[in-house]
Amino acid sequence: MKRIVLFLLTNIAVMLTLGIVLSILMSVFGIQRQSMGGLLLMAGVFGFGGAFISLLMSKWIAKRSTGAYVIEQPHNATEQWLVETVRRQAQKAGIGMPEVAIFDSPEMNAFATGANKNNALVAVSTGLLHNMNKEEAEAVLGHEVSHVANGDMVTLTLIQGVVNTFVIFLARVVAGIISNATRGNNNESGMGGLAYYATVFVLEILFGILASIVVAWFSRQREYRADTGGAHLASRQGMIAALEKLKHSQESRLEGSMMAFGINSKSKLASLFSSHPPLDERIQALKDAR
């Protein structure tokens, strides 16, 4: 319930903000809302704007939705080890020191998020700390630090912004074409307001499904890169061992952007829609690497 309320409030705030920005831009540039230029501007503002606002808020949302505890001053040996390991890997990767956090979950998982390389968050679950040895946990941390160093959060946000824009734009263009096609020979109006917006809604769902295939493909590619980075920052054997152990863990319940940058993945969906490659393929890719 906490996550649902947070999700709804965040999206309402984002929609209101983007609506105000859109009105200002159209007024400044004198663009008509019903014109093709106005439609494209609207699609771009909501497509990219929503993606980038989500990115800027990602750390705040992640901390509150998972209840992550940020280690500001280590209180025990485990916390000290976590902070020192992330600091060492961040220096090796050439990025600023991320915030390090622990979230309460029986699952073995971790995630990285943040708007830029020097202002990120790396979090691990209590389940991971309890069930993985230090070599395996270090490799997982290296995997997450590599996501940050590779700029995966920004890259995926840009890709999401592009596909969002096309989905919003094309849905309305196609709905307009359908509306015009339903006009009678005597130029009677086509679909009414409710019918038009219902068509837009359906088309956005259909185009969104197709767009998710593109986003998922990019997500899978950067997952292989993060595995390679984890092997470099820690050890290849440790990375392989961590992935092997994850094969026996429960399916991850991390959501949204945190799922996209998590370590665990046992997709039951078609591979085209999976944000992570199958664990067996990731393990084999590391074994084949030289």
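See the structure above.
Residues numbered from 1 in each chain as written. Predicted model: local features only at pLDDT ≥ 70, side-chain atom pairs only at ≥ 80, totals over all residues. Heavy atoms only, no water.

Asks: Tell me what's going on with the pairing of strand β2 (residues 99-103), and back it up with residues and numbers.
Replies: In terms of burial, β2 is a largely internal element, four of the five residues being buried. Strand direction decides the pairing type here: strand β1 (residues 69-70) and β2, joined by two bridges, are antiparallel. Its bridge partner lying in β2, valine 70 is registered against alanine 101. Bridging between β2 and strand β4 (residues 120-125) involves five bridges; their strand directions are parallel. Paired with isoleucine 102 across the two strands is valine 124, which belongs to β4. (Buried < 20%, exposed > 50% of the residue type's maximum accessible area, 1.4 Å probe, protein only. Helix = DSSP H or I, 4+ residues; strand = E, 2+ residues; numbered from the N terminus. Pairing = 2+ DSSP bridges.)

Asks: Describe the packing of helix α6 (residues 134-149) against helix α9 (residues 236-246), listing the residues and the values that go with them.
Replies: One way to put it is that α6 packs onto α9 with a least axis distance of 8 Å and a crossing angle of 95°. Relative to α9, the element α6 lies roughly perpendicular. Contact residues: Glu135, Glu136, Ala139, Val140 and His143 in α6; Gln237, Gly238, Met239, Ala241, Ala242 and Lys245 in α9. Residues that form the contact of α6 with α9 fall into these classes: five nonpolar, three polar and three charged. (Axes fitted to C-alpha atoms, helices over the stretch in contact; angles between N-to-C directions. Parallel < 35°, antiparallel > 145°, perpendicular 65-115°, else oblique. Contact = heavy atoms within 4.5 Å. Nonpolar A, V, L, I, M, F, W, Y, C, P; charged D, E, K, R; others polar.)

Asks: An account of the packing of α6 against helix α8 (residues 193-233) is needed here, citing residue identities and associated values.
Replies: Interaxial distance between α6 and α8 falls to 7 Å at its minimum, and their mutual angle equals 125°. Taken together, the axes of α6 and α8 are oblique relative to one another. Judged by the twist between their axes, the crossing of α6 over α8 is right-handed. In this structure, α6 uses Glu138, Ala139, Gly142, His143, Val145, Ser146 and His147 to contact α8, whose residues at the interface are Arg222, Glu223, Ala226, Asp227, Gly229, Gly230 and Leu233. (Left-handed = near helix turned anticlockwise from the far one by under 90°.)

Asks: Pulling in residues and values, what's your account of the nonpolar core?
Replies: In globular proteins that are soluble, nonpolar side chains generally tend to be buried together. Leu82, Val124, Leu128, Met132, Leu141 and Leu243 are the most contacted members of the largest nonpolar core, which totals 36 residues. Elements supplying a minimum of two residues to this core: α4 (77-93), β2, β3 (110-114), β4, α6, α8, α9 and α11 (279-288). Broken down by element, the residue count for this core peaks at seven residues, all from α6. The contact partners of methionine 132, leaving out residues within four places of it in the chain, are Met108, Ala137, Val140, Ala242, Lys245 and Leu246. (Core = buried A, V, L, I, M, F, W, Y, C linked by side-chain atoms within 4.5 Å.)

Asks: Just give me the short version of the environment of valine 5, but keep the residues and values in it.
Replies: For valine 5, the location among the structural elements is in helix α1 (residues 2-29). For valine 5, a relative accessible area of 40% corresponds to the partly exposed category. Each C-alpha atom, one on valine 5 and one on serine 65, is 10.0 Å from the other, the two residues being 60 residues apart in sequence.

These values are about where atoms sit, not about what they do.
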